[in-house]
Amino acid sequence: MNKNEYVKMFSLENKHFWFLAKRSFADVFINPIQDSVSKILDVGCGTGGMTQHLSKYGVVEGIDSDKRAVKYSLKRKINVRLGDANKMSGIKDKYDLVTLFDVLYHKNIPDPKKVVKNVAAIIKKGGYLLVTDSAMSCLYSSHDLHLGGVRRFSSLEMRTMLEQSGFQVIRISYIYFSIFPLVFLRRVVLDKFVAKGSDVEEVSPAINILLLFLLRIEAIILKWFDFPWGSSIIALAKKK
């Protein structure tokens, strides 16, 4: 990932609608299992915003393969170290919950299925894996290129990969459903005519509040309903 993206991510994670909504979506999937969770590993933790958020569920650690990401994460006073999602053999601990937040889409992950299988080895029997990632290949755009993304997943692809890696899928849903028309306009229409970078940018306070409101309503609905499309996907799976 471009170093400027880390700078932006670190400054925006605690206020930008997209990052805050992702925490709400993750909470919906974690809350039903929180009594079974005390030890958590956030793989590919980036600049640490989600890792810090997970601390309310138990003792959490984060790993990332990029020194710049680890440097920013440590500023949040959380337990983070260098570690590669492609090589998990050096991790001896077992976790109740492992998270992969927007990791598998990345060009530094040549084989997503292998990463999921590696993660399975460090999860306790009956423990959980929570995944979020980019969805719907039609949305691939300059945003993905700037963030190092090389793939986007369908619900079927994600489910199949998890099941073939030793997991039982508990729930899977698309997310960012409520703002999908805006994302489609930006990624599919405008991207063809206007040179763009990533979507990790400051937005006006009014727009940020409005989009966050819509996405938090979506998170409430997500407690009972799985969405049929969206710009991202979320899945909770249990190790067999």
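We now turn to the structure provided with this report. The residue count restarts for each chain, going from 1 along the sequence in the order it is written. Where local features are concerned, this predicted model is filtered to residues with pLDDT of at least 70; where side-chain atom pairs are given and counted, the filter is 80 or more; whole-chain, interface and lining totals use all residues. Side-chain metrics rest on all non-hydrogen atoms present in the structure, leaving aside hydrogens and water.

Segments assigned H or I by DSSP are reported as helices when at least four residues long, segments assigned E as strands when at least two residues long, and all are numbered from the N terminus. When you go through the protein residue by residue, the secondary structure sums to nine helices and seven strands. In terms of overall dimensions, the protein is globule-like: its C-alpha atoms have a radius of gyration of 17 Å, near the 18 Å expected for 240 residues. The dimensions of the protein, computed from C-alpha atoms along their principal axes, are 50 × 40 × 30 Å. Total accessible area computed for the protein in this model is approximately 11200 Å², and 59% of it derives from carbon and sulfur atoms. The average position of the 36 basic charges and that of the 23 acidic charges among the side chains of the protein differ by 3 Å. Only C-alpha atoms enter the radius of gyration; for comparison, a globular chain is expected to reach 2.2 Å times N to the power 0.38, where N is the number of residues. Only the protein chains shown count as cover for residues, and the accessible areas themselves come from Shrake-Rupley with a 1.4 Å probe. The charge count includes Lys and Arg as positive and Asp and Glu as negative, but it does not include His or the ends of the chains. Charge positions are represented by NZ for Lys, CZ for Arg, CG for Asp and CD for Glu.

With that settled, the discussion passes to the nonpolar core. Phe25 and Leu130 are the most contacted members of the largest nonpolar core, which has 34 residues in total. Of all the secondary structure elements, the ones that give two or more residues to this core are helix 2 (17-30), helix 3 (49-54), strand 4 (95-101), strand 5 (123-134), helix 8 (180-189), helix 9 (205-222) and strand 7 (232-239). Here the element with the most residues in this core is helix 2; it accounts for eight residues. We call two residues in contact whenever any of their non-hydrogen atoms come within 4.5 Å of each other. If near-sequence neighbours (up to four positions away) are discounted, Leu130 is found in contact with Ala26, Phe29, Ile30, Leu97, Val98, Thr99, Leu100, Phe101, Ile234, Ala235 and Leu236. Within the second largest apolar cluster, 32 residues are counted, among which are Ile91, Ile109, Val115 and Phe153. Grouping buried Ala, Val, Leu, Ile, Met, Phe, Trp, Tyr and Cys residues that are joined through side-chain atoms within 4.5 Å yields what is termed a nonpolar core. Exposed residues in this analysis have more than 50% of their type's maximum accessible area, buried residues have under 20%, and partly exposed residues fall in between, with area computed by a 1.4 Å probe over protein chains only.

Each aromatic pair joins two rings of Phe, Tyr and Trp (for Trp, the six-membered one) with centres within 6.5 Å, and gets the label stacked for planes under 30 degrees apart, edge-to-face for over 60, and tilted for any other angle. Within this structure, the stated rule accounts for eight aromatic pairs. Centroid distance Phe25 to Tyr176: 5.2 Å. Interplanar angle 85°. Geometry classified as edge-to-face. Of the two residues, Phe25 sits in helix 2 while Tyr176 sits in the loop between strand 6 (167-175) and helix 8, which places them 151 residues apart along the sequence. Tyr176 sits in the buried class, given a relative accessible area of 1%. Considering the side-chain rings of Phe225 and Phe227, the 5.5 Å spacing of their centres and the 80° angle between planes classify their relative orientation as edge-to-face. Among the aromatic residues, those joined into a cluster by ring pairs are Trp18, Phe19, Phe25 and Tyr176. The cationic tip of Lys39 hangs over the ring face of Tyr95; the distance from NZ or CZ to the ring centre is 5.4 Å. Only lysine NZ and arginine CZ atoms are considered, and such an atom sits over a ring when it is within 6 Å of the ring centre and within 35 degrees of the ring normal.

Moving on, we get to helix 8. Within helix 8 the residues assigned to the buried category are Phe180, Val183, Arg186, Arg187 and Val188. In a view along the axis of helix 8, the buried residues occupy a sector of 165°, so they form one face of it. As for helix 8, its buried residues are in contact with helix 6 (142-147). Note that the arc is defined by the directions from the helix axis to the C-beta atoms.

A word on the side chain of Ser134. Position of Ser134 relative to the elements: it lies in strand 5. Ignoring any residue separated from it by four or fewer positions in sequence, one finds Ser134 in contact with Asp102, Tyr105, Asp144, Arg151, Arg152, Phe153, Ser231 and Ser232.

Let's shift gears to the sheet that holds strand 4. Pairing in this open sheet of seven strands is mixed, and the strands run 3-2-1-4-5-7-6 from one edge to the other. Strand pairing shows two members of the sheet lacking a second neighbour, strand 3 (80-82) and strand 6, which therefore form its edges. Across the sheet, the mean angle separating the axes of adjacent strands is 15° when strand polarity is ignored. Here, any two strands with at least 2 DSSP bridges between them count as paired. Inspection of the sheet shows strand 6 paired to strand 7 by eight bridges, in the antiparallel sense. Note on definitions: angles span 0 to 180 degrees between N-to-C directions of axes, and those axes are lines fitted to C-alpha atoms, for helices only across the stretch in contact.

Surface patches are drawn from residues lacking salt bridges whose relative accessible area is over 30%; two like charges belong together within 9 Å, two nonpolar side chains (Val, Leu, Ile, Met, Phe, Trp, Tyr) within 5 Å. A side-chain nitrogen of Lys or Arg and a carboxyl oxygen of Asp or Glu constitute a salt bridge if their distance falls within 4 Å. There is a patch of nonpolar side chains on the surface, built from Leu210, Phe213, Leu214, Ile217, Ile220, Ile221, Trp224 and Phe225 and spanning about 830 Å² of accessible area. Among the secondary structure elements, Leu210 is positioned in helix 9.

Moving on, we come to the pattern of salt bridges. Applying the stated criterion across every chain, the model contains 12 salt bridges. We note a salt bridge from Lys22 to Asp102, for which the minimum N-O separation is 2.8 Å. You can see Lys22 sitting in helix 2 and its partner Asp102 sitting in the loop between strand 4 and helix 5 (112-120), a full 80 residues away along the chain. On the accessibility criterion, Lys22 (8% relative accessible area) is buried. Taking relative accessible area as the criterion, Asp102 reaches 17% and is therefore assigned buried. In this structure, the salt-bridge partner of Lys56 is Asp27, at a minimum N-O distance of 3.2 Å. Highlighted residues: Lys56 in the loop between helix 3 and strand 2 (59-64) and Asp27 in helix 2, separated in sequence by 29 residues. When its relative accessible area of 13% is taken as the criterion, Asp27 is described as buried.

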